[in-house]
Amino acid sequence: MYDLFPIEDYSSIYYNIQLVVILLTLLHTQLFDYTDKATIKYLSIIGWPYALFIVLFIGIRPVNGIFVDMTTYAYMFYRETIGNPVEIGSDIAFAYLLKLSARLTNETGFFFLCALLYIGSLIIASKNFFKSYWIYCFIALVASFSFYAYGVNGIRNGMATSIFVLGLSFFKKPVISGIIIAISCLFHQSMYLPMLAYVITFFHNNPKTFLITWFAAIPLSLVFGSFFVGLFAGLGFGDDRLSEYLLSDPSANEFSSTGFRWDFLIYGATGTLAGWYFIFKKQYKDKVYHRIYGTFLIANAFWILVITANFSNRFAYLSWFLLAIVIFYPFLKKRFFAYQHQVFGTVLLLYFLFTYMMNLFKPTL
């Protein structure tokens, strides 16, 4: 992929290729049902080639400052190769990945391994959750608003969230699930928040409680937002990273934001609405889905409380990475409508259009 595209066009090419795939999927869903042979054939044809394209497009991109944090990671890799490593802190799993990569491969290989972990974890998770319909989930995941950004910029955090999703997908094997989720925390400490939220759902798996908490967070943030920013900055995650994100001055960074972001609140609210609709209106009883929904609501409520902080988007992603699963899980598990395949395709397009518009037509996020 090094010389195929001008570096400044990388993101627009990525999103336009995604648009083509989603439009083809939309067309297919309007013409055929889930169980039609044409659907099975379409999924088998598009699945692995599309997944391979995503891995290669992100994994072998050139090292360039246009991807912001990528040059920082390249410098860390270089320091490892000369035996003068950068202090990484408590993200132990990432530190070992960096050290191992420095001994086994070059800079390109390191970033490819990161992409493979980031994307491969989602492929396996999608297959664990949805079997032969895995590609539908995968398309939704990579169509998510921040997926590309955390593949080429917030790399460590991105890998951690994908590994967390992988852990969720082993719900039938709780020991393996717990180990994988713990590993995700060792890639990026911020994952302790969704991990704690997920643990809470094992003791109190009541979506109504979490829904009330989510709605309560909005007025609390509007009135007491600065108080919660200071409170959580004082707690930290074991190092100074939380305080730095909450209290530092904003800069021209892809992950910076200031003020109460109603647009991002509405984006997250799509997951809240989807879960409410399936669980309360359609009486969908699935303990796994209830736990995922509860985890999403708890983590998103935390972000709402600190939404006015600089770089709060970093905390938004601690719930947003689950958004595609929250919205599309019921579509791929149970039939709720006579024309559900058509509805699924339409919702998938609408879901991606937010990503498309926000990334291609907004200069800063």
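Asker: Help me out: how do you make sense of helix 9 (residues 174-187) in this one?
Answerer: The periodicity of an α-helix, 3.6 residues per turn, causes residues three or four places apart in sequence to face the same way. In a regular helix each residue adds 1.5 Å, so 14 residues correspond to 20 Å; helix 9 covers 20 Å between its end C-alpha atoms and thus fits that length. Buried within helix 9 we find S177, I180, I181, S184, C185 and F187. Projected down its long axis, helix 9 shows its buried positions confined to an angular sector of 155 degrees, all on one face. Against helix 4 (92-104), helix 5 (107-130), helix 8 (155-169) and helix 10 (192-203) lie the buried residues of helix 9.

Asker: Would you mind showing me how to read the pattern of salt bridges here?
Answerer: A side chain with one charge can pair with a side chain of the opposite charge if their charged atoms come near. Evaluated as defined, the whole model comprises three salt bridges. Two residues, R335 and D33, come together in a salt bridge whose shortest N-O distance is 2.9 Å. Separated by 302 residues along the polypeptide, R335 in the loop between helix 16 (323-333) and helix 17 (340-360) and D33 in the loop between helix 1 (10-31) and helix 2 (37-59) bring together distant segments of the chain. For R335, a relative accessible area of 41% translates into the label partly exposed.

Asker: Which parts of the structure should I look at to understand the packing of aromatic side chains?
Answerer: We describe a pair of aromatic rings using the distance from one ring centre to the other and the angle between the two ring planes. By the definition in use, this model includes 52 aromatic pairs. With a centroid separation of 6.4 Å and an interplanar angle of 65 degrees, the aromatic rings of F94 and F110 are classed as edge-to-face. Pair noted here: F94 is in helix 4 and F110 is in helix 5, with a separation of 16 residues, a long-range link. You can call F110 buried: its relative accessible area is 0%. When the centroid spacing of 5.8 Å and the interplanar angle of 50 degrees are considered together, the rings of F352 and Y356 count as tilted. Taken as a pair, F352 and Y356 lie in helix 17 at a separation of four residues, close to a single helical turn.

The rules we used
Numbering of residues begins from 1 in every chain and follows the order in which that chain's sequence is written. At least 70 in pLDDT is required for a residue's local features to be given in this predicted model, at least 80 for side-chain atom pairs to be given and counted, and no such filter applies to totals for whole chains, interfaces and linings, which use all residues. For the side-chain quantities, the full set of heavy atoms in the structure was used; hydrogens and water were omitted. Segments assigned H or I by DSSP are reported as helices when at least four residues long, segments assigned E as strands when at least two residues long, and all are numbered from the N terminus. Here the expected length of a helix is defined as 1.5 Å per residue gap, with one fewer gap than residues. Per-residue accessibility, obtained with a 1.4 Å probe over protein chains only, is compared with the maximum for each type, and a residue is labelled buried under 20%, exposed over 50%, and partly exposed between these values. What the arc covers is the set of directions going from the helix axis to the C-beta atoms. Throughout, a contact is declared for two residues whenever any of their heavy atoms are within 4.5 Å. Note on definitions: salt bridges are taken to be side-chain nitrogens of Lys or Arg within 4 Å of carboxyl oxygens of Asp or Glu. Aromatic contacts are taken between Phe, Tyr and Trp rings whose centres are within 6.5 Å, Trp giving its six-membered ring; a plane angle under 30 degrees counts as stacked, one over 60 as edge-to-face, and the others as tilted.

Read these as spatial facts, not as claims about activity.
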